[in-house]
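Descriptive analysis of the structure
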Amino acid sequence: MGIVQRGMRSILLSRRARFVCEARRLVCPSPYRLLHCGGNHQQKDKFLITTPIFYVNSVPHLGHLYSAVLADTIHRWQQLKGAGGSIFSTGTDEHGLKIQQAAVAHGKDPQQFCDEVSTHFRDLFSMSHVGHTDFIRTTESRHRTAVEHFWRKLQSAGYIYQGKYEGWYSTSDEAFVPDNKVMDSVDKTTGKSIKVSIETGSQVEWMKEENYMFRLSEFGPRLLKWLDSNPRAVYPDKYRTLVRGWLGEGLEDLSVSRQRDRLPWGIPVPDDPTQTIYVWLDALVNYLTVCGYPDNHHAHWPADCHVVGKDIVRFHAVYWPAFLMAAGLDPPRSVVTHSHWLMESQKMSKSKGNVVDPFDRIQRYSADGLRYFLLKHGVLEADGDYSDEKVVKVLNADLAGNIGGLLNRCLATSLNPTQTFPAFSANTFPVHPGRQSNSLATEEDYKLLKTLQELPGSVDQHYENFHIYKVLEETMLCVKQANGFVHRHKPWKLGNTPQDQEWASTILHVAMETLRVSGILLQPVMPNLMSGLLSRLGVEETERSWSDAEDVPCVKGREAPYVGRTLGTNRGVLFQRLQKKN
RNA sequence: GGCGGCGUAGCUCAGCUGGUCAGAGCGGGGAUCUCAUAAGUCCCAGGUCGGAGGUUCGAGUCCUCCCGCCGCCA
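None of the values given here were measured: they were computed from a predicted structure.

Describing the sheet that holds strand β19 (residues 346–347)
Taken together, 3 strands build an open sheet; the order of strands is β19-β18-β20 and the sheet is mixed. Of all the strands in the sheet, the pair left with one neighbour each is β19 and β20 (384–386). Taken together, the 2 bridges between strand β18 (residues 341–343) and β19 define a ladder with antiparallel strand orientation. The partner of Leu342 across the bridge, within β19, is Lys347.

What about the protein's contact with RNA strand B?
Near RNA strand B you find 33 residues, and of these Val379, Ala400, Gly404, Arg409 and Ser414 are the closest. A distance of 3.2 Å separates a sugar or linking oxygen of RNA strand B from a polar side-chain atom of Lys390. In the environment of RNA strand B, a sugar or linking oxygen lies 3.2 Å from a nitrogen or oxygen atom belonging to the backbone of Asn408. Ranked by the residues each element gives to the surface near RNA strand B, the list is headed by helix α12 (residues 388–411), at 11 residues. Across the surface near RNA strand B, the residue classes break down as 14 nonpolar, 11 polar and 8 charged.

Here's the deal with the side chain of His64
Here His64 lies in helix α1 (residues 62–80). Assessed through its relative accessible area of 12%, His64 is described here as buried. The residues touching His64, leaving out its near neighbours within four places in the chain, are Phe54, Val59, Phe121 and Phe125.

Section: the domain arrangement of chain A
Interface size is commonly expressed as the accessible surface area that is lost when the partners come together. Here the domain parsing of chain A yields domain 1 (44–338) and domain 2 (388–556). Here domain 1 and domain 2 have C-alpha centroids that lie 45 Å from each other. Counting residues at the interface gives 13 residues for domain 1, matched by 16 residues for domain 2. When domain 1 packs against domain 2, the two sides together hide about 1,400 Å² of surface, and 68% of this comes from carbon and sulfur. When the area that domain 1 buries against domain 2 is broken down by residue, the three leading residues are Thr73, Trp77 and Leu80, summing to 43%.

Digging into the nonpolar core
By size, the foremost hydrophobic cluster in this structure holds 108 residues, and its most contacted members are Tyr386 and Ile403. Considering every element that reaches this core, the biggest residue donor is α12, with 11 residues. Summarising the domain contributions, this core has at least three residues from each of domain 1 (44–338) and domain 2 (388–556). When neighbours within four sequence positions are excluded, Tyr386 is seen to be in contact with Leu62, Trp341, Leu342, Met343, Glu344, Met348, Val356, Arg361, Tyr365, Leu370, Phe373 and Val391. Within the second largest apolar cluster, 61 residues are counted, among which are Tyr239, Trp246, Ile277 and Val285.

The rules behind each value
Once a new chain begins, its residue numbering starts again from 1 and follows that chain's sequence as written. To read the labels, note that chains go from A and ligands from 1, taken in the order they are written. Predicted model: local features are reported for residues with pLDDT of at least 70 only, side-chain atom pairs are reported and counted for 80 or more only, and whole-chain, interface and lining totals are derived from all residues. Excluded from the side-chain calculations are hydrogens and water; all other atoms, namely the structure's heavy atoms, are used. Criterion used throughout: strands pair if DSSP finds at least two bridges between them. Only DSSP runs of H or I with at least four residues qualify as helices, and only runs of E with at least two residues qualify as strands; both kinds are numbered from the N terminus onward. Near is defined per residue: the residue qualifies when any heavy atom it owns lies within 4 Å of the molecule or strand. Here a polar contact is taken to be a pair of N or O atoms separated by no more than 3.5 Å, where protein atoms must pair a possible hydrogen donor with a possible acceptor and residues adjacent in sequence count only if both atoms sit in side chains. Ten residue types, Ala, Val, Leu, Ile, Met, Phe, Trp, Tyr, Cys and Pro, are classed as nonpolar, four, Asp, Glu, Lys and Arg, as charged, and the remainder, Gly among them, as polar. Buried residues are those whose accessible area, probed at 1.4 Å on protein chains only, stays under 20% of the maximum for their type, while exposed residues exceed 50% and partly exposed ones sit between those limits. A contact between two residues is defined here by any heavy atoms of the two lying within 4.5 Å. What counts as a domain boundary in this text is fixed by an automatic or database domain assignment. Each of two parts loses accessible area, computed with a 1.4 Å probe, when they are put together; buried area is these two losses added. Only buried residues count toward a nonpolar core. Its members are Ala, Val, Leu, Ile, Met, Phe, Trp, Tyr and Cys residues joined through side-chain atoms within 4.5 Å.

Laid out in structure tokens, this is it:
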């Protein structure tokens, strides 16, 4: 099942937009048009989404988790819609001087050190229900093979040349620093005058060496074309504008290697053991490695979506597409950039002691709870503001109260003595409002059904736009309307006449349909919680796809196949109300 | 200093292409209910739409200047 099959709902396809690729007459999603349709390779037909690979010099933090959760949510959404064979990759970037130094400081071999810290990332993602299909580490041999091949590709195409660099270099940042970003300072230990990077404060020293350069300066026009021909190339617009500004200022060639005697922990330049490949080039190629580069990547490449934090957008939206173009490959279809998380309006920092520990918060609020908060309060464009008070409030209102309350209401034996999925009566609630003697439904009730019917379409659009907070707001509002519907008709007050029983059953049916549809649509955000909810409703595993959410039988005058089915046996609250802490 | 983005209720946002000078969710206050997780339902308060000018019959929405925040470049 892939993108291009006729009749299939294609990946990332909005309802209204279809675009036919002229070269091959393929149906492609409108936001992600193929830039280069020619060639004799297999065409891409499988979805690829990635997070960055995370540096293992430190334990994972909330920002890492947010990247992973965002990517996971979009990946799950795609899977709900039928994207088979997709790749969602994440992993760890394990090369570089800082890694080597951190290992030495811990009295460990670098490889051993990386093994341990990488496990922390794995653990966090596992605990957070991040369903990556691949966890790559840059120390893997498949990655080295990919990087070496990629390097040779760039070299043989003439985009790498040997150059001499003379200027300031920061060892701790592993970066060359331009003159204008250097300032005078004093070494506090020795009192001697030194120079430091204005940006990071690290000491820099004058350095002259030979290394390899990449002809980045030649790619400005092509990068601009990529950016301007695809509104999603860099998304949202705030970052696209930022990148266009960089391109407008001109690009300088990029140093892509370091002398090996200074940076031994990395991949050697092929055929030149005196140089090590620059860690960012090394790291970025991971996105190809996970696809099977250099020989088996065609089904997944180009990437549909790289999810990245705003601090690394330059690497992903300037260097990476340029590298790819130089290697004769398509750039990514979309680089989705998100902002950071503050702690009560302040930047998180170890020195302030206000860093949020995601492991701790998962313990407190559950993984799905933390995911819900991050996705409800996070917006791509703006820094999120974390606060435990906010977490507790939103989880109590939405999960414990709204959706959890409706679920328990519907499943309680007092309203649902048979503990089965109740029937819908078209007598009491006709498909169309109008004169019908037995109809008990009001105009407000028809509005609810209409909202429920339209929910999958609008939510689909919101997912596509990464407006997860709108997904949540709109879905929770629909659930609230269902609570109001139940309250309005008070089935607990109805009598024992056949008509009353029919109507009571219908009321419960609609409420539970709202839960079923909402539960399906919210699986990407809260996989475990919604799985539990759907199981309690008696929804089979095979009935939880996007098309099942789109299909509300009672609206169409059909009986639902699950009517009469025994409900799940799990009892208790869906989401335990949280107490305010501290 | 130059360029770019932003500034709408306590919080998060909608209000895009000028037209009932303003909405939603959450939070807050009040009332009510007790089928259900002390859940639900109803009502209310909260806004100089950063400030000052301008264009227009009419501006949150367009223009100018200023203030503040963020980012990039120098």
